[in-house]
Each structure stands twice: as C-alpha cells, then as structure tokens.
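The residues making up each chain are set out below.
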Amino acid sequence: MRSANPVLTRLDEVRRAERQVLGPADTMTVTDVVSRTVGLLLLTGVTAAVAWVFVPQAVWIPAALAGSSLASLALLLFISLKQITNPPLIVAYAVLQGLLLGVASRAFELVYPGIVVQAVVGTFGVFLGMALLYRARIVRATPRMARLVAGTLLGILVLSLVNLVAYLLTGRQGVVVYSLTGRVGWLPYLFSVVAIIAGAFSFILDFDLVERSARAALPRRYAWYCAFGLLVGLIFLYWQILRLLSYLRR
C-alpha cells in the first residue's frame, strides 16, 4: 500500500530497490523522521517570520510570491522525482516555502486580522489529531483508503491547475478564489473542505508508510525524504485552511 502523498509514494519503490543488510546505525528510525520534520518546520517558520517583518508588502509581494512559488515548485518536483535525500536541497525548499508563507500570510493578515494564528492552530490541530487517531489505531491505513485519498488529491491538483489557467486567461475564479475580498459561492467552500479532509487522511497513510519503511531498514538518509514529504503535506493543509478561513471571514 502506498501513501497518497506524491512525495512519499515512491518510498515503497526505494525500499524494494535498496533492500539490503545494514547496520543499526545506518538504518532509518521513526525518531530520525520526527527530528528532521521538526527541524524543517522550525526553519520554515523562522524564514516566514523574517519575510513577514522585512519584506516590504506593497513593493515586493508580487515578485516574492511569483519567484518563491516557481522555485519551490521546481524543487518539489526535482526532489520528488529524483528521490533526493540531500539535506541542503530539502533545506532550500523549506526556506523558499517560508518566504512564500511569510509574505502571503501577511497579506491575508492585513485583510483579516488574526487569521494566520487560526490557520496555524487549525493545521497543527488536524495533524496532531490524525497522529493520535493513528497511534490509537482508531483510523487504520487500508488499500481502499489509499486509493480514495490519492484519487481525491489528484483531482484537487488537476482542478486547481485548470482553475489557475482559467483565471490567468479570463480573470474568472471557479473552485479556488484568489482575491482576498469579494463574494464566494458555494463551490469554493466545498472544494476547500474536501481538500482539507483529503489532506488530513493522507497523514494516516504517511505515518503508516514511514513506520513500514523504518521496519524495513531503509537507509537513514531517507529520513530526510520522509520529513520533506510530511512538510509538503503540512504546507498544503495550511494553505487550504487559510483559504477556507478567508472565505468565512468575508
């Protein structure tokens, strides 16, 4: 069974390709993944705080959003497709995402005071809630869940890209509303809720895959790859919650 996270999906292939006898000091553990994930989150948060304070909103926000978005997307695809376990590249992704998060979040905060704290609390609340459900085995990772969540996330990605292209060409906003003000119909609400639910349940599959990879004695360097995948999932969830909260505040 694979993860619905497009980054972590390839770990099963890696495990089969690199099945070998390694010493205990050379194999990945769940603790390794946790420590690296926390480190990446702290780095992203610090970078976001610096961008929030020092990047001039009116002058640099378009360039910062466009540049960091394109660069982080390129790094995401490169690291995912090449199964990169090089810490500097993964750290670079965290820094670029921090820049994007800091500048964009400040724009939301200026229009809707308090929304960023709500989105951060909501993101980690969902993440910790799913971790507890997984730990207690109340919600289990199953092949059926994997297919459902993966299909849903793929649909969300395709619809988001189509919506973005339509917006750039026609100025019309469909399933995703990019403006920070104005009316929002029922479809963007539904789209955001579905995205949040799918993102939440993808963590169950991610936790299961990380545990199985640790039991299968995957090389320790892949702890960075797992941490990168979890960071991608958390950032995706944050954007969806932030957007939904902005809809509710209008």
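Residues numbered from 1 in each chain as written. Predicted model: local features only at pLDDT ≥ 70, side-chain atom pairs only at ≥ 80, totals over all residues. Heavy atoms only, no water.

Caption draft 1: The arrangement of the environment of F191 in detail. Relative to the helices and strands, F191 is located in helix α7 (residues 186-215). Sequence-wise, F191 and S160 are 31 residues apart; in three dimensions their C-alpha atoms are separated by 9.6 Å. Those residues within four positions of F191 in sequence are excluded, and the remaining contacts are I156, L159, S160, V175 and V176. (Helix = DSSP H or I, 4+ residues; strand = E, 2+ residues; numbered from the N terminus. Contact = heavy atoms within 4.5 Å.)

Caption draft 2: Representation of the side chain of R243 within the structure. Inspection of the secondary structure puts R243 in helix α8 (residues 222-248). Buried charged residue R243 carries no salt bridge. Nearest counter-charge: E109, at 15 Å. Apart from the residues lying within four places of it in its own chain, the contact partners of R243 are V176, V177 and S192. (Buried < 20%, exposed > 50% of the residue type's maximum accessible area, 1.4 Å probe, protein only. Lys, Arg positive; Asp, Glu negative; His and termini not counted. Salt bridge = Lys/Arg side-chain N within 4 Å of Asp/Glu carboxyl O.)

Caption draft 3: Representation of the packing of aromatic side chains in the model. Evaluation of the coordinates by the stated rule reveals 8 aromatic pairs. Ring geometry for F127 versus F207: centroids 5.6 Å apart, planes at 75°, classification edge-to-face. Of this pair, F127 sits in helix α5 (residues 115-135) while F207 sits in helix α7, placing them 80 residues apart in sequence. Residue classification places F127 among the buried residues on the basis of a relative accessible area of 15%. Judged by its relative accessible area of 13%, F207 falls in the buried class. An angle of 50° between the planes, with centres 5.7 Å apart, marks the rings of Y134 and F207 as tilted. (Phe/Tyr/Trp six-rings, centres within 6.5 Å; stacked < 30°, edge-to-face > 60°.)

Caption draft 4: Spotlight on the packing of helix α2 (residues 30-54) against helix α4 (residues 87-111). Where α2 meets α4, the axes come as close as 7 Å, and the angle between the chain directions of the two elements is 45°. Classified by the interaxial angle, the pair formed by α2 and α4 is oblique. Here α2 and α4 pass one another in a crossing that is right-handed. Partitioning the contact of α2 with α4 into residue classes produces 12 nonpolar, 6 polar and 2 charged. (Axes fitted to C-alpha atoms, helices over the stretch in contact; angles between N-to-C directions. Parallel < 35°, antiparallel > 145°, perpendicular 65-115°, else oblique. Left-handed = near helix turned anticlockwise from the far one by under 90°. Nonpolar A, V, L, I, M, F, W, Y, C, P; charged D, E, K, R; others polar.)

Caption draft 5: Quick look at the environment of L180. Along the chain, L180 turns up in the loop between α6 (143-170) and α7. Separated by 70 residues in sequence, L180 and R250 have C-alpha atoms that sit 8.8 Å apart. In contact with L180, other than residues within four places in its own chain, are A107, F108, V111, Y112 and R250.

Caption draft 6: Structural context of the nonpolar core. Counting 60 residues, the largest nonpolar core has F203 and W239 as its most contacted members. Taken together, the elements giving at least two residues each to this core come down to α2, α4, α5, α6, α7 and α8. For this core, the element with the most residues is α8, which contributes 19 residues. In contact with W239, other than residues within four places in its own chain, are Q97, L100, L101 and A104. (Core = buried A, V, L, I, M, F, W, Y, C linked by side-chain atoms within 4.5 Å.)

Caption draft 7: Up close: the confidence of the model for the chain. When pLDDT is averaged along the chain, the result is 81, and 78% of the positions lie at 70 or above. The secondary structure element of the chain with the lowest average pLDDT is helix α3 (residues 57-82), at 54, and the one with the highest is α5, at 95. (pLDDT = per-residue confidence, 0-100.)

Caption draft 8: Examining the packing of α7 against α8 more closely. Look at α7 against α8: their axes get within 9 Å of each other, and the N-to-C directions meet at 160°. When the axis of α7 is compared with that of α8, the two are roughly antiparallel. Two packed elements cross with a definite hand, and for α7 against α8 that hand is left-handed. Residues P188, Y189, S192, V193, A195, I196, G199, F203, D206, F207 and V210 of α7 form the contact with α8, whose participating residues are C226, L230, G233, L234, F236, L237, Q240, I241, R243, L244, Y247 and L248. Taken together, the residues that form the contact of α7 with α8 break down as 17 nonpolar, 4 polar and 2 charged.

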